[in-house]
Amino acid sequence: MLGQEGEGFKIAMFALDQGRYTVAAGATGLIRACLDYSVKYANERKTFGEVIGKHQLVKEMITEMVVGYECSRLLWLKAGWCKNKGLRSTRETSLAKMYACDASERAASHAVQIYGAYGYSNEYPVERFYRNAKGAVIYEGSREIHKIMQADYALGYRVDKPTRCTLPTPEE
Ligand SMILES: Cc1cc2nc3c(=O)[nH]c(=O)nc-3n(C[C@H](O)[C@H](O)[C@H](O)COP(=O)(O)OP(=O)(O)OC[C@H]3O[C@@H](n4cnc5c(N)ncnc54)[C@H](O)[C@@H]3O)c2cc1C
């Protein structure tokens, strides 16, 4: 038997901390893909005599992707650090999942916008990025559920107990 009698539900819920963590990391990778494809296209496509990367409003979309990527990455790295220390990370993982998925949806929308009509077609992968980003905003706890969790933590309505078993440290 894993754990103790009557603990099954809690253990099952604990598994969400692992699934959500991988979703956060995956969403961050999706932002990176949006950024890489957008930078490449923005440096190729010309309108009004210059590459579209030179237009300020295109730069704004690129910047949002950069910020989304960096912040998302730091959030799941923080959650991973907690996991490696054997610390409860439900709050950190939920925040990383929520933020990274929201940022990836925004990044994918921007990528489609930067590609213009090509972004809407399936000739380029950015339309697929957009669809994939949307799925992760819904599964592993929808954005709304994570928002409620985060507010409840901040308001003191939700408090997690520490993990019962100490994990071995990486050195052991
Ligand atoms: C691409 C994809 C892959 C999936 N893969 C899996 C999988 O592998 N395994 C699995 O078990 N499930 C999977 N799901 C299902 C997913 O977990 C559910 O779709 C998700 O939990 C939302 O449930 P629902 O679709 O019934 O929406 P509902 O629960 O009907 O929610 C509809 C809307 O209402 C909002 N809402 C619901 N309750 C509240 C509330 N209390 N407060 C505020 N807003 C609320 C939701 O955020 C959502 O926006 C997948 C979904 C997608 C899109």
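This write-up is about the structure you can find in this document. This structure is a prediction, so every number in the text was calculated from the model and none was measured.

Some remarks on the packing of aromatic side chains
With the rule as written, the count across this model stands at six aromatic pairs. Geometrically, the ring pair formed by Y21 and W76 is edge-to-face, given 6.1 Å between the ring centres and 85° between the ring planes. With Y21 in helix α1 (residues 8–42) and W76 in helix α2 (residues 56–84), this residue pair connects regions lying 55 residues apart in the sequence. You can call Y21 partly exposed: its relative accessible area is 22%. Here W76 falls in the buried class, since its relative accessible area comes to 18%. One aromatic cluster is present, formed by Y41, Y115, Y118 and Y124 through successive ring pairs.

Overview of the site of the ligand
In the vicinity of the ligand, the residues found are I138, Y139, S142, E144 and I148. Separating an oxygen atom of the ligand from a side-chain N or O atom of S142 is a distance of 2.6 Å. Here an oxygen atom of the ligand and a side-chain polar atom of E144 are 2.6 Å apart. Burial of the ligand by the surrounding chains reaches 27%, relative to a free accessible area of 960 Å².

Remarks on the nonpolar core
Membership of the largest hydrophobic core comes to 23 residues, with the highest contact counts inside it found for C34, I52, V58, M65, I114, V126 and F129. Secondary structure elements with two or more residues in this core: α1, α2, α3 (90–115) and α5 (126–138). Excluding residues within four positions of it along the chain, I114 makes contact with S38, Y41, I52, V58, M61, I62 and M65. Core analysis: the second largest hydrophobic core is formed by nine residues, V23, W76, A100 and V137 among them.

What counts and how
- Residues numbered from 1 in each chain as written.
- Predicted model: local features only at pLDDT ≥ 70, side-chain atom pairs only at ≥ 80, totals over all residues.
- Heavy atoms only, no water.
- Phe/Tyr/Trp six-rings, centres within 6.5 Å; stacked < 30°, edge-to-face > 60°.
- Helix = DSSP H or I, 4+ residues; strand = E, 2+ residues; numbered from the N terminus.
- Buried < 20%, exposed > 50% of the residue type's maximum accessible area, 1.4 Å probe, protein only.
- Near = heavy atom within 4 Å.
- Polar contact = N/O pair within 3.5 Å; in protein donor to acceptor, adjacent residues only side chain to side chain.
- Areas by Shrake-Rupley, 256 points an atom, 1.4 Å probe, with all protein chains shown as cover.
- Core = buried A, V, L, I, M, F, W, Y, C linked by side-chain atoms within 4.5 Å.
- Contact = heavy atoms within 4.5 Å.

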